[in-house]
Amino acid sequence: MQARVTAILVVHSGAAYLERTIAGIARQTRLPDDVIAVDAGSTDDSAELLAEFGPTQLVSVGSKTTFGSAIARAIHVAAPAAFAPAGPGAPPAGATDDEWLWLLAHDNAPEPKALAQLLAAVEIAPSVAIAGPKLMRWEQPDVIAEFGETMTRFGASFALVEGELDQAQHDVQDDVLGVAAGGMLVRRSLWTALGGFDPGLPSIDAALDFSVRARLAGYRVVVVPGARVASAGGPETFVRASVSEMRRARIARTAQLHRRLVYAPAASLVFHWLSLVPLGVLRAIGQVLAKRPGLVGGEFAAAFAVAFGTTGIGRARRNLARSRTLGWAAIASLRIPGRAVRERRAQAREEAVSSTAVVVQGAPRAGFVAHGGLWVVVLAAVVGIVFSGPVLGASSLVGGTLLPLSDTVGQLWSHVGYGWREIGVGFVGASDPFAYVLAVLGSITFWQPSLGILGVYLLALPLAALGAWLLARRLTTRVWLPALAAALYALAPPLLGSLAAGHLGASIVHLVLPWLVLAGLSAPRSWSASAGSALLLAVAAASAPSVAPALLVCWLALLLSRPKSLHRLIWIPLPAAALFLPLVVQQLARGNPMALLADPGVPTGGAETSGLRLALLSPGAGLHGWSSVLHSLSLPGTAPVVLVAVLLAPIGALALLALFVPGARRAAPSMILALLGFATAVIGSHISVATAGGAAVVIWPGAALSLYWLGLIGSVVTGLDSLGRVSVPLGVLAGVASTLLVVPLLGSLYAATATVHPGSRILPAVVTAQANGRPDVGTLVLTPLAGGALAAVVERGSGTTLDDQSTLAATSTRLAADQKRVATLSGNLASRSGFDAASSLGELSIGFVLLARPEDNQQAVHRRTAEALDGNSLFASVGNTANGLLWRYALPDGAVPQRPGNTSTQLGVGILVGQGIVFGLTLLLGIPTVRRRRRQNVSGSVLGEPAGTFDEEDHD
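Because the structure is predicted, anything quoted here is derived from the model rather than measured. Numbering of residues starts from 1 in each chain and follows the order in which that chain's sequence is written. The model is predicted, so local features are restricted to residues of pLDDT at least 70 and side-chain atom pairs to those at 80 or more, both for listing and for counting; the totals for chains, interfaces and linings are taken over all residues. Excluding hydrogens and water, the side-chain values take into account all heavy atoms of the structure.

### Overview of the packing of helix H1 (residues 15-26) against helix H2 (residues 46-53)
Axes are the key here: two packed helices are described by the angle between their axes and the distance separating the axes. Stated formally: In this analysis, axes come from line fits to C-alpha atoms, helices being fitted only over the stretch in contact, and the angle between any two N-to-C directions falls in the range 0 to 180 degrees. Put simply, DSSP marks the helices as runs of H or I at least four residues long and the strands as runs of E at least two long, and each gets a number from the N terminus on. Angles below 35 degrees are treated as roughly parallel, those above 145 as roughly antiparallel, those between 65 and 115 as roughly perpendicular, and all remaining angles as oblique. The handedness criterion is simple: a crossing whose near helix is rotated anticlockwise from the far helix by less than a right angle is left-handed, and one whose near helix is rotated clockwise is right-handed. Contact definition: two residues touch when any of their heavy atoms are within 4.5 Å. Any residue that is not Ala, Val, Leu, Ile, Met, Phe, Trp, Tyr, Cys, Pro, Asp, Glu, Lys or Arg is counted as polar, Gly included; the first ten are nonpolar and the last four charged.
Orientation of H1 relative to H2, taken along the N-to-C sense of each, is 15°, at an axis distance of 9 Å. In terms of axis orientation, H1 runs roughly parallel to H2. The interaxial crossing formed by H1 with H2 has right-handed handedness. Contacts between H1 and H2 involve Ala15, Leu18, Glu19, Ile22 and Ile25 from the first element and Ser46, Leu49, Leu50 and Phe53 from the second. Classifying every residue of the contact of H1 with H2 by side-chain character gives seven nonpolar, one polar and one charged.

Below, the structure is given as structure tokens:
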């Protein structure tokens, strides 16, 4: 009996492919007996092309119809079968059923002998019920798109052959577990018996699942090498013109989980169902580690879709049970072994990552050891030790914004997030983002957290040199220029000025900036670099919020210049936003958004500086210490300005020259960075958002000047790279002049002109001793000020620490009720009055009063306050201590008040969990997962780039 073939052509807006497909059907050496065309709601010329083709029947269905549903509709209108279709259990192998269905989509163009070859394969083997062609790429007819399908041990679908040049290397294979839907030849009776494609698998894995059920029903599935069909896409692109990687991964994962529950034994079904969501969580973490964060949502969507029954698990299990006659052991040999899966995936990773990086002969990139990088870092370390000599033996540092850290790591981390802020009379609020930086810093030296700050002072110069060297190495092909850049950045006036003035946050920003720029340059091509950029941006913004706007401008510029890398760049500010969000909400609620720019740490007073001094890289008074040096030599007042300008002239001239020499385009970004830093410094130096002792505190411009200096160095490096032989003497001149510029700063800790110095907390030992037994005891610290004023603050326990500080308190524009009570109490205690202070002292839990040592112009108010306290019967004089005069008040015993910690409230826990998730995922993304590539030497330049070394970034 001659086989009868009904070709079913399903079309969905496929006019661009349909003419070739129709022509292929018409040229078959063995024409199908009937052609049923199904138009699935096409919006182009597909319907007209089908009408001109003249199929046996033309059926129209909705645009949302899947490929399998369209086939079912076509069979419904087809001519009746020659005999009744098989009932439950399917007919036995070898039945004389010779009616066949040939399934084609609009983008499946068969070669002339395709159908004849398929029929020849099934006619000689009656046990074969499904035959699949060799699918070739639409635009590359000699490349195999797909040739057979199988499953892994855990049920993931796997293409046996794809993307290989067809050299008949796979023509020996025959039996397979499954074939693709496009071009499939299947017995009509089997299609009816198995119920067609599973509706729970609308695209991906539908044909594989159908083939598996055919195998379990006792039939064979084969591939036919001689039958070739061109294919322009997979089943997932039938309804959509294009499918993103994220959507395809979600569909594939949903299909895999659906089949897992359908194929699972009844005894293990509940276990598999319970594991769906937990496995989704674990796989989501794995996707982050594999640098595929876009697939995380698909993991959860697939798990929930299958777990809560939207794919029809019950119907599919009943259908499988009705047709199955063999056990799963029958297909075990057709699954792909785990070793083969690992080998194929390793090959795919190797193909995705280029195996070589290009090194141009004659111009190798600077080596860290061979070309002075190591020696500059070592020299910077020596200079850093010499600079920090006076504080080397200290256990903690004070001065400027500095105070000691808490005694334990647990206390450090208890001060992050949302909870009680133990500063002044105390309040509940969000911590500064800088508290996280301090917690990490203190955790490094966990045995004594305050040593972490001392470590910054010791390592600041070598770390700055290392970051600048690596960044300059990306900007130049001259092997000596990175060493020059490292020396200039390590001896930067903003860094040394911030260290001497005790501005820890600005110093950390200076260290972070080169690494941030370096990571940002690689972020468009690397998830690890993108995650690194996000973390470094969060550290920089937390340490000096005033530079955050400039850094966001740089991020926007990178985003606009690399639109194809939007998915890697758009989320970079997210960790910083997670840190700042609680503080932003509170400051906005107080109507004080500008307070978000306040420097973290102890607020310290300072006068507004001029634009000229900022242009000369001086963040504070004194012009890098030259003012006092030249004043001691009785030189005119303008001499420091002239000297500093002369010493900075080589850097400024070379930076400007870079805009007018060959390769000026490479210098433009650096100059823009410098201008952003300078503008930020000028604007910030005129903004007062905090107060200290009744005086306004302007934003410290040191961090912005570090950005300014980094941009200048980048421009100098690119300029010297184009100047030829004269670049060496000009570079030496710039290096020597810049070194001379900071000589006074290098000796500032020795000359006592620096603000920072070794020290501990401001409370005497007797207070600290009592605080060990009663940590809520308060000490009223009275500090004489010029003009007869008196500053009053309440210190709890053994004294305020750096991690206790809060910009919410420093930028507050209103006095709370307790603060007003402290002011009233202090004013009455500092003068003889009839005020009854006992009730206020008890309610505020104040057990000590400390009168700080006065300056020369504060003697009168100090003497008056001391006499008033001596004459007050409530107080017993403890005497003169290293911190000032101390009095004790007999505070009655009482219950220690319970203060809400950062985990005591739902809001506090929610903030910590949210921030933990954001930073946890970012850290997972930041873990490198691919190896560095080997280098290959070539001659000349590449794509117009300057001669040198070109390392492409890891595509992770």
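### Side note on the pairing of strand E20 (residues 778-784)
Filter applied, for reference: Each residue's exposure class comes from its accessible area (1.4 Å probe, protein chains only) as a fraction of the maximum for that residue type: buried when under 20%, exposed when over 50%, partly exposed otherwise. In this analysis, strands are considered paired if DSSP registers two or more bridges between them.
The buried fraction of E20 is high, at six of seven residues. Two elements, E20 and strand E21 (residues 790-796), share seven bridges in a ladder whose sense is antiparallel. Across the sheet, proline 784 pairs through a bridge with leucine 790, a residue of E21. As judged from the five bridges shared by E20 and strand E22 (residues 846-852), these two strands associate in the parallel manner.

### Some points on the confidence of the model for the protein chain
Here is the rule we go by: Along the chain, pLDDT gives the predictor's confidence residue by residue, from 0 to 100.
Scored by pLDDT, the protein chain has a mean of 85; 91% of the residues are at 70 or more. Taken as a whole, residues 932-955 scores under 50 in pLDDT and shows 64 contacts with residues more than four places along the chain or in a different chain.

### Concerning the side chain of asparagine 902
Put simply, the rule is: Polar contacts, as counted here, are pairs of nitrogen or oxygen atoms within 3.5 Å of one another; within protein the pair requires one atom able to donate a hydrogen and one able to accept it, and residues that are adjacent in sequence qualify only if both atoms are side-chain atoms.
With respect to the helices, strands and loops of the structure, asparagine 902 is situated in the loop between strand E24 (884-889) and helix H35 (906-926). Asparagine 902 sits in the buried class, given a relative accessible area of 9%. At 3.1 Å, the side chain of asparagine 902 forms a polar contact with the backbone oxygen of valine 416.

### Concerning the nonpolar core
One broad rule of soluble globular proteins: the nonpolar side chains tend to lie buried together. How we decide: Here, nonpolar core means buried Ala, Val, Leu, Ile, Met, Phe, Trp, Tyr and Cys residues that are tied together by side-chain atoms lying within 4.5 Å of each other.
With 126 residues, the main nonpolar core has Leu397, Ile453, Leu504 and Trp709 as its most contacted residues. Other than its neighbours up to four places away in sequence, leucine 504 contacts Thr401, Leu402, Phe434, Leu438, Leu441, Ile453, Val456 and Leu802. Counting residues in each nonpolar core, the second largest holds 41 residues, with Leu103, Phe147, Met184 and Ala255 among its members.

### A short note on the packing of aromatic side chains
Stated formally: Stacked, tilted and edge-to-face are the three classes assigned to paired rings of Phe, Tyr and Trp, where Trp is represented by its six-membered ring and a pair needs centres within 6.5 Å; plane angles under 30 degrees give stacked, over 60 edge-to-face, the rest tilted.
In the structure shown here, the tally under the stated rule is 11 aromatic pairs. Look at phenylalanine 197 and phenylalanine 210: their rings are 5.6 Å apart centre to centre, the planes differ by 80°, and that puts the pair in the edge-to-face class. Within this pair, whereas phenylalanine 197 is found in the loop between helix H5 (188-194) and helix H6 (206-216), its partner phenylalanine 210 is found in helix H6, the two being separated by 13 residues in sequence. Per residue, the accessibility class of phenylalanine 197 equals that of phenylalanine 210, and both read buried. A centroid spacing of 6.5 Å and a plane angle of 35° characterise the contact between tryptophan 527 and tryptophan 571, whose relative ring orientation is tilted. Here tryptophan 571 lies in the loop between helix H21 (566-569) and helix H22 (574-589) and tryptophan 527 lies in helix H19 (residues 527-543), a separation of 44 residues in the sequence.

### A few points about the environment of leucine 569
Mapped onto the elements, leucine 569 comes out in helix H21. You can call leucine 569 buried: its relative accessible area is 0%. When the C-alpha positions of leucine 569 and proline 549 are compared, they lie 17 Å apart, and in sequence the two are 20 residues distant.

### Some details on the sheet that holds E22
What the five strands build is an open sheet, ordered E21-E20-E22-E24-E23; its pairing is mixed. Of all strands in the sheet, those bounded by a partner on one side alone are E21 and strand E23 (875-881). Looking at each pair of strands side by side, their axes are set apart by 20° on average, direction ignored. Across the sheet, helix H30 (residues 765-773) lies against E20, E22, E23 and E24, angled at about 35° from E24, the strand it touches most. Packed on one face of the sheet, helix H32 (residues 817-829) meets E20, E21, E22 and E23 and runs near 60° to E20.

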